[in-house]
Amino acid sequence: MKKVQGRLLSSMNQTTSDKGGYLFLETAGGVHSPVMSGTSQADFYRPLRLPTVLIGDSRLGGISTTISSYESLHLRGYDVPSILLFDEKHKNHTLLSERLDSTFVAAIPPPPSPLHDPIQEERSMTAYYTRLDEHLLPVIRHLDEYHQARFDRLEQMAQKSRTVFWWPFTQHENVKQVTLIDSAHEDYFVTYSPKVSLPLSTSEPVFASASADLPTSTPTPAPTSAPLEAKTMFDSCASWWTQGLGHANPHLTLAAAHAAGRYGHVIFPESTHEPSLSLAEAVLEHDTWASRVFFSDNGSTAMEVSLKMAISAAAKRYHWTGKHTPIDILGIEGSYHGDTIGAMDTCSPNTYNDQVQWYQPRGHWLKPPSVHISKGKTYIRVPKEIAESDKEEKWEYNSLDAIYSGNEQRIANDSTLVRLYDKYITTELELLRIQGRQIGALLMEPVIMGAGGMIFVDPLFQHLLVNKVRYQGAKLLGYHHDSLSSQEKGAWRGLPVVFDEVFSGWYRLGRRSASEFLGVTPDIVSYAKTLTGGLLPLALTVTKESIYDVFLSKNKPDCLLHGHSYTAHPMGCAVAKESIQRLDQMASPTGAWSPFRESWNGSAVWSMWSRTVIDRLSHLHQVESVMSLGSVLAVELKDDKNKGYGSEISQSLVQKMRTDVFADGINLYARPLGNIVYLMTSQITTPERVRQCERILMECLEA
């Protein structure tokens with residue numbers, strides 16, 4: 001593909017006319033004819049997304065062939081402004097014009113029959129090509145108009161968007177430049193932004209094919225009052241942590257299209273369909289501790305469902321029948337579970353809920369010990385509340401392996417830290433009993449708290465916390481109940497344990513579930529984001545039978561009264577099933593991630609990010625610490641004035657990564673997170689692409 005792009009750019013730069021020109025990339029065969037690697041042409045040329053002239057079939061059966069080719073291109077995001085075919089006796093172009101009314105369909109006379117005399121043959125074909133001008137000029141005119149209309153729209157979009165959008169998590173007064181994303185493929189966006197000077201070349205490549213075909217690269221617009229410049233940007237925030245299998249993944253697109261064609265959307269209560277059932281079965285094959293799957297639409301909603309399940313279960317077991325005594329959760333300071341009101345209330349006071357008038361904190365939150373790398377040293381930052389000191393302490397380790405190799409080994413080796421953790425957790429639970437608090441669930445993000453600042457919580461602390469709550473929690477909190485109900489096989493004990501794996505689940509951290517780092521399983525877990533590979537919104541709340549049984553009765557109001565119109569929509573379910581299958585394949589010992597594992601020398605933990613670069617980052621003077629697992633890299637910047645989400649220290653760095661010119665020819669689309677700069681790949685990112693991101697990050701930090 002790099003060679004193709006290079007030839008295209010070279011040809012474009014040879015254009016000397018100030019009126020522009022045309023460049024046609026002609027392919028051989030049909031849309032899905034393979035290139036030398038065996039890849040379908042439709043997929044091979046997709047990174048370019050050139051506007052496509054599709055050569056239709058004028059013969060008997062050609063209508064079907066042409067429409068099938070058109071739909072293959074359309075599904076993959078190609079623009080097909082024109083279809084060109086011969087005007088023969090079947091008049092296929094007439095019906096194609098009706099069926100594909102948004103595309104300009106043109107018919108040209110077929111070539112004359114071949115002649116035996118070469119001189120007469122040459123004269124015949126010369127005359128034929130001369131006559132073609134009158135038929136092809138309207139096509140060229142349409143392509144020009146299409147091109148101009150496209151860039152007229154692109155030039156207006158940024159300003160128009162400022163006047164009609166209310167962007168999430170955005171202070172509009174501070175938006176310097178709107179990122180205009182024209183398309184996306186795998187790890188990259190193709191974006192447009194105002195150009196300072198007019199381009200040297202004003203021609204746009206156009207794609208043509210013999211039989212049916214394909215598009216794109218980075219076309220340069222014709223000169224206007226506000227010329228645009230194309231820019232390739234690596235999606236280094238994984239589009240808010242959703243990207244698993246890359247943008248415009250054809251396997252996911254086809255899974256969604258098939259489900260849409262078969263079902264559209266259908267009602268789910270008291271119903272079933274193949275995409276929903278096969279997805280539930282696939283999830284339960286992984287989460288063998290669970291037996292029930294509840295569908296919802298996003299991570300925050302999935303957490304609302306989790307809360308209803310957990311709190312109802314605890315209230316029934318402990319006979320909390322009063323409406324006036326609040327039921328709280330036990331959580332971890334810095335956690336974030338979504339923007340809906342119920343999920344907000346499960347988080348301690350923070351920037352996200354500070355200006356929400358309805359916010360009411362409903363919980364008690366423990367201070368977390370966190371994992372860091374600084375000056376090449378791996379350590380755990382232990383809060384003073386745990387360290388029994390007047391300041392936080394640092395506990396050093398030889399490597400990340402020593403922290404993540406297994407909690408049983410750590411329990412044996414870290415007896416002092418185990419004692420401190422256990423004492424702190426016990427003391428906090430006893431305090432809640434003294435206060436007469438009703439705690440309905442233990443709720444936490446396992447291993448990493450994302451929106452709270454990419455905080456990597458010590459897995460040993462979370463392991464001990466789960467076991468303490470599960471096996472001693474009821475006693476320490478002073479709760480009395482029927483002991484038989486919690487001793488049934490597989491039943492939840494102590495408090496329902498809820499894991500929020502909306503961010504960390506499905507291989508984001510290198511393992512299928514973040515709970516694998518803890519060595520314990522939850523009673524309820526929520527999944528979203530990477531679940532569907534980054535294509536469609538869908539969320540799951542997965543739980544066990546003892547939670548499900550709480551809602552069983554003959555009385556309808558006793559059921560779990562929660563749902564939304566598009567529950568278990570077939571497209572999302574089909575895409576999630578496809579995504580899980582492909583992620584599992586990539587996770588195999590010989591799968592796509594094996595080069596990353598090998599670069600970490602077979603460690604218990606691994607990252608897509610280079611050990612060498614992590615070490616270099618940790619030595620930079622402006623860096624407080626670094627941490628990385630799986631596809632996540634988090635860099636904590638020093639900020640003496642304001643730490644946390646309110647810090648603005650990362651904004652200038654993020655702006656440099658987005659706008660500066662780099663030798664690799666790309667930019668990074670990153671998002672600020674207070675004093676944390678994080679980069680995140682998709683699960684299909686190659687080592688070469690990761691190295692590109694590392695070079696750009698290092699260049700910006702070392703400037």
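From a predicted model like this one, the values you see are computed outputs, not experimental measurements.

Trainee: Kindly report on the overall build of the protein chain, identifying the contributing residues and their values.
Mentor: From N to C terminus, the protein chain includes 23 helices and 25 strands. Computed over the C-alpha atoms, the radius of gyration of the protein chain is 29 Å, within 12% of the 27 Å expected from 2.2 N^0.38 for a compact globule of 703 residues. Judged by the C-alpha coordinates and their principal axes, the protein chain covers about 105 × 65 × 50 Å. A burial count over the protein chain gives 52% of its 703 residues as buried. Long-range pairs, those at least 24 residues apart, make up 71% of the contacts in the protein chain between residues at least 6 apart in sequence. Total accessible area on the protein chain stands at roughly 32400 Å², and carbon and sulfur atoms take up 53% of it. With 66 positive and 77 negative side-chain charges, the protein chain shows a spacing of 3 Å between the two charge centroids.

Trainee: How would you summarise the nonpolar core if you had to cite specific residues and measurements?
Mentor: Ranked by size, the top nonpolar core spans 148 residues in total, and within it Tyr404, Met454, Leu465, Leu617 and Met657 carry the most contacts. At nine residues, helix α15 (residues 459-477) tops the list of elements feeding residues into this core. In this view, leucine 465 contacts Leu330, Ile332, Leu366, Ile425, Leu442 and Met444; residues no more than four positions away in its chain are not counted. If you look at the next biggest cluster of nonpolar residues, it comprises 21 residues, including Leu23, Leu54, Val80 and Leu85.

Trainee: Go over the sheet that holds strand β5 (residues 180-185) with me, naming the residues and quoting the values.
Mentor: Hydrogen bonds between backbone atoms are what pair the strands of a sheet, whose relative direction is either parallel or antiparallel. Strand order in the open sheet formed by four strands is β5-β6-β8-β23, with mixed pairing between adjacent strands. Single-partner strands in this sheet number two, and they are β5 and β23 (667-669). Sheet twist, expressed as the average angle between the axes of neighbouring strands with direction ignored, equals 40°. Two strands pair when backbone bridges link them, and β5 and strand β6 (residues 188-194) are joined in this way by five bridges, in the antiparallel orientation. Each bridged residue has a counterpart across the sheet, and for alanine 184 the counterpart in β6 is phenylalanine 189. Where helix α22 (residues 651-659) meets the sheet, its contacts fall on β8 (228-235) and β23, and the angle it forms with β23 comes to roughly 130°.

Trainee: Could you give an account of the confidence of the model for the protein chain, with specific residues and numbers?
Mentor: Of all residues in the protein chain, 94% attain a pLDDT of 70 or more, and the chain-wide mean is 92. The low-confidence segment residues 198-225 (pLDDT under 50) makes 125 contacts with residues lying over four places distant or belonging to another chain.

Trainee: Which residues make up α15, and what values go with them?
Mentor: Under the 1.5 Å per step criterion, the end-to-end length of α15 is only 24 Å for 19 residues, more than 12% shorter than the ideal 27 Å. At tyrosine 471, α15 is bent by approximately 60°, the largest bend along its length. Within α15, 15 of the 19 residues are buried, leaving the element largely enclosed by the surrounding structure. Among the residues of α15, the N-terminal cap falls to aspartate 458, whose side-chain oxygen and the backbone nitrogen of leucine 460 are separated by 3.1 Å. One or two positions beyond α15, positive phi appears at glycine 478, with a value near 80°.

Trainee: Account for the sheet that holds strand β19 (residues 524-527), naming residues and giving values.
Mentor: Taken together, seven strands build an open sheet; the order of strands is β9-β20-β19-β18-β15-β10-β11 and the sheet is mixed. Of all strands in the sheet, those bounded by a partner on one side alone are β9 (292-296) and β11 (363-366). On average, adjacent strands in this sheet sit at an angle of 20° to one another, irrespective of strand direction. Looking at chain direction, strand β10 (residues 327-332) and β11 are connected through four bridges and run parallel. Counterpart to glycine 331 in the pairing with β11 is tryptophan 365. Where helix α9 (residues 299-317) meets the sheet, it contacts β9, β10, β15 (438-444), β18 (497-501), β19 and β20 (539-543), and its direction lies at approximately 20° from that of β20.

Trainee: Help me get a handle on the environment of serine 296, residues and values and all.
Mentor: Secondary-structure assignment places serine 296 in strand β9. In sequence terms serine 296 and tyrosine 527 are 231 residues apart; their C-alpha atoms lie 9.8 Å from each other. Setting aside residues no more than four positions away along its own chain, serine 296 makes contact with Thr301, Ala302, Leu538, Ala539 and His564.

Trainee: Can you explain the packing of helix α3 (residues 62-75) against helix α4 (residues 92-99)? Please cite residues and give values.
Mentor: The contact between α3 and α4 brings their axes to 10 Å, and the two run at 40°. Seen from above, α3 lies across α4 with right-handed handedness. For the pair α3 and α4, the contacting residues are Gly62, Ile63, Thr66 and Ile67 in the first and Asn92, Leu95, Leu96 and Arg99 in the second. Grouping the amino acids of the contact of α3 with α4 by side-chain chemistry returns four nonpolar, three polar and one charged.

Trainee: Outline the packing of aromatic side chains, listing residues and values.
Mentor: This model, assessed by the stated rule, comprises 23 aromatic pairs. When the centroid spacing of 5.0 Å and the interplanar angle of 85° are considered together, the rings of phenylalanine 44 and tyrosine 45 count as edge-to-face. Look at tyrosine 318 and tyrosine 479: their rings are 5.0 Å apart centre to centre, the planes differ by 45°, and that puts the pair in the tilted class. Note that tyrosine 318 is positioned in the loop between α9 and β10 and tyrosine 479 in the loop between α15 and α16 (483-487), a separation of 161 residues in sequence. Site record: aromatic cluster; members linked through ring pairs are Phe169, Trp240, Tyr336 and Tyr352.

Trainee: Pulling in residues and values, what's your account of the packing of helix α7 (residues 250-262) against helix α19 (residues 570-587)?
Mentor: Where α7 meets α19, the closest approach of the two axes is 8 Å, and the angle between their N-to-C directions is 150°. Classified by the interaxial angle, the pair formed by α7 and α19 is roughly antiparallel. Along this stretch, α7 crosses α19, giving a crossing that reads as right-handed. Along its contact with α7, which presents His251, Leu252, Ala255, Ala256, Ala259 and Ala260, the element α19 presents Pro570, Met571, Ala574, Val575, Glu578, Ser579 and Arg582.

Trainee: Describe the pairing of β10, and please don't skip the residues or the numbers.
Mentor: Along β10, five of the six residues are buried, which leaves the element largely enclosed by surrounding structure. In the sheet, β10 pairs with β15 via four bridges, with the strands oriented parallel. From the neighbouring strand, aspartate 328 faces β15, where its bridge partner is isoleucine 439.

Trainee: Which residues make up the pairing of β15, and what values go with them?
Mentor: For β15, a buried count of seven out of seven residues is recorded, marking the element as mostly surrounded by other parts of the structure. Looking at chain direction, β15 and β18 are connected through three bridges and run parallel. Its bridge partner lying in β18, methionine 444 is registered against phenylalanine 499.

Trainee: Please give an account of the environment of proline 227 that cites residues and values.
Mentor: Mapped onto the elements, proline 227 comes out in the loop between β7 (204-211) and β8. Note on proline 227: relative accessible area 11%, which makes it buried. Along the chain, proline 227 and lysine 643 lie 416 residues apart, while their C-alpha atoms are 40 Å from each other.

Trainee: Describe a nonpolar patch on the surface, with residues and values.
Mentor: Together, Phe169, Trp240 and Tyr645 make up a nonpolar patch on the protein surface, roughly 270 Å² of accessible area in all. Along the chain, tryptophan 240 turns up in helix α6 (residues 238-241). With relative accessibility at 35%, the residue tryptophan 240 sits in the partly exposed group.

Trainee: Quick one: what's the story with the state of the cysteines, residue by residue and with numbers?
Mentor: In the structure shown here, the tally under the stated rule is zero disulfides. Left without a disulfide partner, cysteine 573 is nearest to the cysteine sulfur of cysteine 559, which lies 20 Å away. Its sulfur unpaired, cysteine 700 is 11 Å from the next cysteine sulfur, which belongs to cysteine 693.

Rules used in this analysis
- Residues numbered from 1 in each chain as written.
- Predicted model: local features only at pLDDT ≥ 70, side-chain atom pairs only at ≥ 80, totals over all residues.
- Heavy atoms only, no water.
- Helix = DSSP H or I, 4+ residues; strand = E, 2+ residues; numbered from the N terminus.
- Rg over C-alpha atoms; globule rule 2.2 N^0.38 Å.
- Buried < 20%, exposed > 50% of the residue type's maximum accessible area, 1.4 Å probe, protein only.
- Contact = heavy atoms within 4.5 Å.
- Areas by Shrake-Rupley, 256 points an atom, 1.4 Å probe, with all protein chains shown as cover.
- Lys, Arg positive; Asp, Glu negative; His and termini not counted.
- Charge placed at Lys NZ, Arg CZ, Asp CG, Glu CD.
- Core = buried A, V, L, I, M, F, W, Y, C linked by side-chain atoms within 4.5 Å.
- Pairing = 2+ DSSP bridges.
- Axes fitted to C-alpha atoms, helices over the stretch in contact; angles between N-to-C directions.
- pLDDT = per-residue confidence, 0-100.
- Expected span 1.5 Å × (residues − 1).
- Bend = angle between axes of the 7 residues up to and from the residue.
- Polar contact = N/O pair within 3.5 Å; in protein donor to acceptor, adjacent residues only side chain to side chain.
- Left-handed = near helix turned anticlockwise from the far one by under 90°.
- Nonpolar A, V, L, I, M, F, W, Y, C, P; charged D, E, K, R; others polar.
- Phe/Tyr/Trp six-rings, centres within 6.5 Å; stacked < 30°, edge-to-face > 60°.
- Parallel < 35°, antiparallel > 145°, perpendicular 65-115°, else oblique.
- Patch = residues over 30% accessible without salt bridge, like charges linked within 9 Å, V, L, I, M, F, W, Y side chains within 5 Å.
- Salt bridge = Lys/Arg side-chain N within 4 Å of Asp/Glu carboxyl O.
- Disulfide = S-S within 2.5 Å.

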